[in-house]
Amino acid sequence: MTFSAKKTEQRDLFRGALEMMILQSLRQQPMHGYALVQYIRQRSNELLQVEEGSLYPALQRLLKEGLVKAEWELSASNRRVRTYRTTPAGVKHLEREISSFERMMEGVTLVLSPVKA
Amino acid sequence: MNWLRQIFLRRRIFDDLSVEIEQHLEEKTEALMAEGMSRKEAAASARREFGNVARIEEQGREPWMWATMESIVADAKLAVRQLWKNPGFALATILTLGLGIGATTAIFSLVNAVLLRPLAFPEQNRLMWVKQQDHSLPGIVPESLSYPDYFDWRAQNHTFSGIASYDGGGVTLEMDGEAQRLDAQMVSANLFQVLGVAPVRGRDFRWEDERPGNRTVMLSYSLWQSQFGSAKDIAGKTIRLDDHSYVIAGVMPKGFQFPLEGPTPALWISLSDEADSTSPVTSQRGYDFLNVVGRLKPGVTIEQARVDLSLIASNLAKQYPKENKWYTSALVEPELQHMVGDIKPALRVLFGAVTLVLLIACANVAGLLLARGSRRSAEFALRAAIGASRAKIIRQLLVESVVLSFCGGVAGVGLAFGLLRGMVRLMPLNIPRMEGATIDGTVLVFVVAVSVVTGLLFGVLPAWRMSQLEPVQAMREGTRGVAGGRGQHRMHNGLVVAQTAIGLVLLVSSGLLIRSFVRILNVDPGFDPKHVLTARMRVRVPFDPLNHDRHVQFYSQLLTRLSALPGVQSASAGWPLPMSDTNATIRFRIVGRSIAEADLPSESVSAVMPGFFETMRIPLLSGRMFGEKDDSKAAPVIMINQAFARRYFPGENPIGKHIQVALGDGVIEKPVREVVGVVGDIKRKGLTADVEPQYFLPYAQAVITNPFLMIRTSGDPSNLEGALRAAAREMDKGAPVYQVSTLENYVSKSVAQPRFQTLLLSCFSAIALMLSAIGLYGLLSYMVAERTLEIGLRMALGAKRTDVLRMIVRRGLTLALIGLGSGLILSALMTRLLSGMLYGIKPSDPVTFAAVTGVLLIVSLAASCVPAYRAALLDPMETLREQ
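Along its length, chain B carries 28 helices and 22 strands. For 883 residues, the compact-globule formula gives about 29 Å, and the C-alpha radius of gyration of chain B, at 38 Å, lies well above that figure. When each of the 883 residues of chain B is scored for burial, the buried share is 41%. In chain B, of all internal contacts separated by at least 6 residues, the share reaching a separation of at least 24 is 82%.

A count of helical and extended segments in chain A gives four helices and five strands. Ordered by position from N to C terminus, the α and β elements of chain A give β-α-β-α-β-α-β-β-α. The buried share of chain A, taken over its 117 residues, is 32%. A separation threshold of at least 6 residues defines the contact pool for chain A, and within that pool the share at least 24 residues apart is 50%.

As far as domains go, chain B holds domain 1 (2-65), domain 2 (136-327), domain 3 (344-521 + 752-882) and domain 4 (539-735). Here the C-alpha centroids of domain 1 of chain B and domain 3 of chain B sit 48 Å apart.

For the rest of this paragraph, the subject is the packing of helix α24 (residues 752-786) of chain B against helix α27 (residues 846-872) of chain B. Residues and elements named next belong to chain B. One can describe the packing of α24 onto α27 by two numbers: an axis separation of 9 Å at closest approach and a directional angle of 25°. Viewed along their axes, α24 and α27 adopt a mutual orientation that is roughly parallel. With respect to the hand of their crossing, α24 and α27 are arranged in right-handed fashion. Between α24 and α27, the contacting residues are Leu769, Ala773, Leu776, Tyr777, Leu780, Ser781 and Val784 on the first element and Leu856, Val859, Ser860, Ala863, Ser864, Val866, Pro867, Ala868, Arg870 and Ala871 on the second. Of the residues contributing to the contact of α24 with α27, the split by class is 13 nonpolar, three polar and one charged.

Quick look at the nonpolar core now. General note: in soluble globular proteins, nonpolar side chains tend to be found buried as a group. Residues Val357, Phe764 and Ala768 of chain B are the most contacted members of the largest nonpolar core, which totals 111 residues. Formed by 57 residues, the second largest nonpolar core is a distinct cluster that contains Met639, Ile659, Phe696 and Ala702 of chain B.

Strands pair in a sheet through their backbones, by hydrogen bonds, and they do so in one of two ways: parallel or antiparallel. Residue and element names in this part refer to chain A. Pairing within the open sheet is antiparallel, and its three strands lie in the order β2-β5-β4. The sheet is open, and its two borders are formed by β2 (31-32) and β4 (68-74), each paired with just one other strand. Sheet topology note: the β2/strand β5 (residues 80-86) ladder contains two bridges and is antiparallel. Across the sheet, residue histidine 32 finds its bridge partner in β5, namely threonine 83. Along the sheet face, helix α1 (residues 17-28) touches β2, β4 and β5 and points at about 100° away from the line of β5.

Residues and elements named next belong to chain B. Among all positions in helix α25 (residues 788-796), only Thr788, Ile791, Gly792 and Met795 are buried. The buried residues of α25 occupy an angular sector of 100° when projected down its axis, which confines them to one face. Tucked into the core, α25 has its buried residues touching α24, α26 (801-830), α27 and α28 (876-882).

What follows is about the interface of chain B and chain A. Tallying the contact residues gives 17 residues for chain B and 13 residues for chain A. Those elements that place two or more of their residues in the side of chain B that touches chain A are α1 (2-34), α2 (39-50) and α3 (53-61) of chain B. When residues in the side of chain B that touches chain A are grouped by element, the largest group, eight residues, is from α1 of chain B. For the side of chain B that touches chain A, the residue count by class is seven nonpolar, five polar and five charged.

Let's shift gears to the confidence of the model for chain B. Fine structural detail should not be taken from predicted coordinates in areas where pLDDT scores are low. Residue-level pLDDT values for chain B average 87, and 96% of them are 70 or greater. Scored below 50 in pLDDT, residues 479-483 of chain B makes eight contacts in the model with residues more than four places away or belonging to other chains.

Moving on, we get to unusual backbone geometry. Residues and elements named next belong to chain B. With an omega dihedral of -5°, the bond running from phenylalanine 258 to proline 259 counts as a cis peptide bond. Along the chain, proline 259 falls in the loop between β8 (244-251) and β9 (267-269). Here tryptophan 575 and proline 576 are connected by a cis peptide whose omega angle stands at 0°. Examined against the element boundaries, proline 576 turns out to sit in the loop between β13 (568-575) and β14 (585-590). With a phi angle near 45°, aspartate 242 is a residue other than glycine that sits in the positive phi range. Structurally, the position occupied by aspartate 242 is in the loop between β7 (238-241) and β8. For glutamine 739, which is not glycine, the phi dihedral falls at a positive 50°. In this structure, glutamine 739 sits in strand β22 (residues 737-742).

Rules of the game
- Residues numbered from 1 in each chain as written.
- Chains lettered and ligands numbered in written order.
- Predicted model: local features only at pLDDT ≥ 70, side-chain atom pairs only at ≥ 80, totals over all residues.
- Helix = DSSP H or I, 4+ residues; strand = E, 2+ residues; numbered from the N terminus.
- Rg over C-alpha atoms; globule rule 2.2 N^0.38 Å.
- Buried ≥ 20, exposed ≤ 12 C-beta atoms within 10 Å, placed from the backbone.
- Contact = placed C-beta atoms within 7 Å.
- Domains from an automatic or database assignment.
- Axes fitted to C-alpha atoms, helices over the stretch in contact; angles between N-to-C directions.
- Parallel < 35°, antiparallel > 145°, perpendicular 65-115°, else oblique.
- Left-handed = near helix turned anticlockwise from the far one by under 90°.
- Nonpolar A, V, L, I, M, F, W, Y, C, P; charged D, E, K, R; others polar.
- Core = buried A, V, L, I, M, F, W, Y, C linked by C-beta atoms within 7 Å.
- Pairing = 2+ DSSP bridges.
- Arc of directions from axis to C-beta.
- pLDDT = per-residue confidence, 0-100.

Have a look at this one:
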């Protein structure tokens with residue numbers, strides 16, 4: 001899974017970041033793969049750009065873990081697409097991940113902020 | 001069956017994934033077209049933004065896989081296809097590996113059967129070999145126990161749950177008027193209990209069976225089958241053995257064997273017979289001949305047992321100084337360890353040697369792979385270009401190597417089967433448990449392990465090389481058909497040097513063993529073993545004073561008959577027979593020297609019929625030989641050998657001196673004997689054994705046992721067996737003739753082990769020599785093929801054919817010389833490990849080193865000449881045109 005911050009050199013995000021974003025997006029609304037890429041790109045103000053393909057291995061991992069499920073459906077544009085939605089286990093997992101992510105960010109922020117005299 | 005369902009499910013999942021990705025690209029393309037791109041541009045752009053479709057699909061499949069396992073299987077399938085397409089290469093590698101793995105496997109099965117496999121007794125690690133230590137001599141000198149010693153040890157120890165005695169011998173079984181000689185063991189009543197094996201029929205021995213009058217016998221399964229038709233009601237029946245009637249206690253299980261060394265006993269006899277006489281051997285302390293095996297109590301250490309028994313021994317030494325003065329401590333060793341102790345170093349060396357052969361095979365195959373790899377560099381560059389990671393390429397190449405070495409392993413198992421059969425059948429050798437050497441589960445596990453390790457070993461260098469390729473350059477080179485950089489050559493050269501060096505080590509080792517073996521064969525045993533037939537025969541009267549003269553008469557008459565047979569030059573009899581593992585040492589006093597009873601010396605005794613020395617061709621050095629008139633009524637006489645004279649009569653003339661030997665036959669008891677002759681020394685134990693002092697008594701003045709007959713013939717001695725049996729039948733129909741063999745056969749058996757290791761090691765080094773030659777040849781051929789263009793150019797620019805020839809040969813010889821140099825250093829270090837196996841030759845023997853180096857140099861030269869010659873014959877115009 002490669003993720004690139006726009007206009008900077010390629011850099012791997014930490015493990016699980018992509019999964020978290022996918023789960024969060026799918027919790028808002030069920031989507032198929034292509035839509036998911038567009039959604040993540042818009043929501044990040046185009047700052048983050050998923051290499052489109054890298055989404056699919058991540059989705060397969062989530063499927064295997066039972067955190068999302070997929071079904072073939074007809075989309076709004078009348079296309080037969082495979083729509084993913086979160087499962088209850090997925091939601092629970094996401095919440096756990098977010099809280100631990102926030103704790104981690106808090107720590108990182110503290111370290112990075114200027115030292116107070 | 002969950003995994004099965006998963007496999008079907010997975011098909012669907014993977015299909016879904018492919019469709020999904022396809023649609024993603026489609027949707028993207030349409031979106032881009034809506035922005036105004038052409039379809040072609042849009043499709044390309046969609047793919048670019050999507051990333052590597054194949055790789056992403058693969059990554060998407062990964063979560064559903066038993067990760068690496070399955071991709072390895074896929075790699076393996078690919079590898080098999082690759083090999084199929086390239087049968088010549090496959091065959092060459094598989095044969096090379098098969099040779100290496102096969103030899104290693106054969107030796108490993110030997111090591112497994114002899115050294116590793118536990119004894120077939122319950123909790124066999126508690127079984128101990130037990131002896132007493134003879135402190136009259138330096139070093140560890142095990143001495144057997146006498147019955148009284150054994151009984152005391154058995155009763156007084158606190159550390160064994162049981163100690164049992166056994167002693168081998170032959171008995172004559174008489175059934176339906178037929179007599180046959182069987183191997184038997186005289187055993188204490190608790191032997192089977194100590195071993196932990198119960199009879200399958202009847203009962204075990206009881207303590208009463210040791211008392212006089214209770215002659216009892218236990219049958220082996222095979223004797224029960226062959227002689228008693230597996231009769232169910234066999235227990236309690238009686239049979240006749242050596243003119244006594246025995247009650248059959250029971251039958252031991254199929255396959256039960258004890259002791260494991262020596263001939264397999266057909267039956268086991270209780271001690272009752274030993275106890276049944278006027279002066280029974282069971283009460284003679286000082287008559288030390290018993291073998292003893294004990295079972296430790298649970299939790300007792302070997303050291304505790306040793307201390308325990310040593311205390312008993314030292315008490316006995318104080319109590320019975322006349323017999324036991326020097327036996328003040330005990331020796332305790334695990335039975336298995338004791339049994340295989342002698343053969344261990346030889347097997348280790350052989351195993352080391354095959355490992356080296358395998359290493360050479362590995363180097364060879366690695367060389368082949370390198371050469372092949374350079375031809376395949378384009379293929380791998382392409383793989384790298386379309387997204388295979390370095391790790392993946394390495395993995396695929398390693399899987400290919402392991403697949404190759406597995407094929408080699410299969411070939412090797414086949415070869416090992418053949419080798420083992422040859423080893424067990426063709427070599428008359430007393431390695432205990434050797435006949436049990438088979439390709440069993442342990443060996444197969446070993447083969448698998450060796451195959452994997454071998455595959456990785458020879459695969460890792462080439463694989464690493466391939467993964468270093470720069471795709472762009474490699475592809476460009478690949479299309480031109482020239483590849484392989486400087487690094488690869490260096491690696492390939494290194495391999496050839498290494499295998500030459502290892503090959504030299506093996507050749508030097510086998511050269512040393514061969515030279516040592518030739519020395520052994522050239523040892524003069526002191527007698528002439530050629531054209532002599534030997535056998536034993538039992539006279540059917542007991543050894544007691546009443547029958548004394550009948551024994552002597554019987555043999556005199558028999559020898560007269562035998563001497564008269566056509567083709568017989570002379571015939572005699574005597575006991576023991578050299579190199580037949582029979583021996584007895586008996587104490588003696590030299591008249592006129594005052595020595596305390598307990599300090600009397602003891603040497604090997606022989607009892608011989610007239611004509612013994614002439615028939616054996618042992619030279620008389622002074623005095624006279626025994627004659628017909630040295631009978632029981634004549635003055636007692638004795639002959640000694642040179643070593644005896646040197647030790648006990650240094651600087652004196654031994655003839656006419658008097659010696660009293662502590663041996664009587666019931667008629668003449670421990671008489672003072674006059675020394676009448678001195679004969680030459682003989683090798684009693686084997687060709688490599690030291691010469692020992694020996695003394696000889698006339699059989700008529702020392703009737704102790706059934707002597708060996710020895711018949712010197714003018715032709716092939718084994719042709720005389722029929723005539724011998726006929727003559728024996730004429731003398732006594734019921735007396736069996738047994739242990740019929742040529743004297744040469746005994747001598748040959750005594751060198752069986754050096755022959756065995758020499759032959760095997762020579763085979764291995766022959767293989768090594770061949771492989772090293774092939775390795776060098778392969779490298780140079782490859783080099784010539786690769787440098788065809790260059791060679792063509794050189795010749796076009798005026799180089800002569802001889803220049804080309806010299807160039808290639810020089811390269812070959814340079815490598816060979818570097819290999820030989822390092823090999824010589826290695827050999828100097830390694831051959832020291834052989835010193836225990838060499839006879840009359842130093843591990844650093846310069847002749848061997850020089851000769852072997854010469855051989856390897858010549859072979860290397862030959863291996864270099866063929867490709868060099870081929871290069872020299874190149875037609876420059878043609879090669880240039882082709883390029």
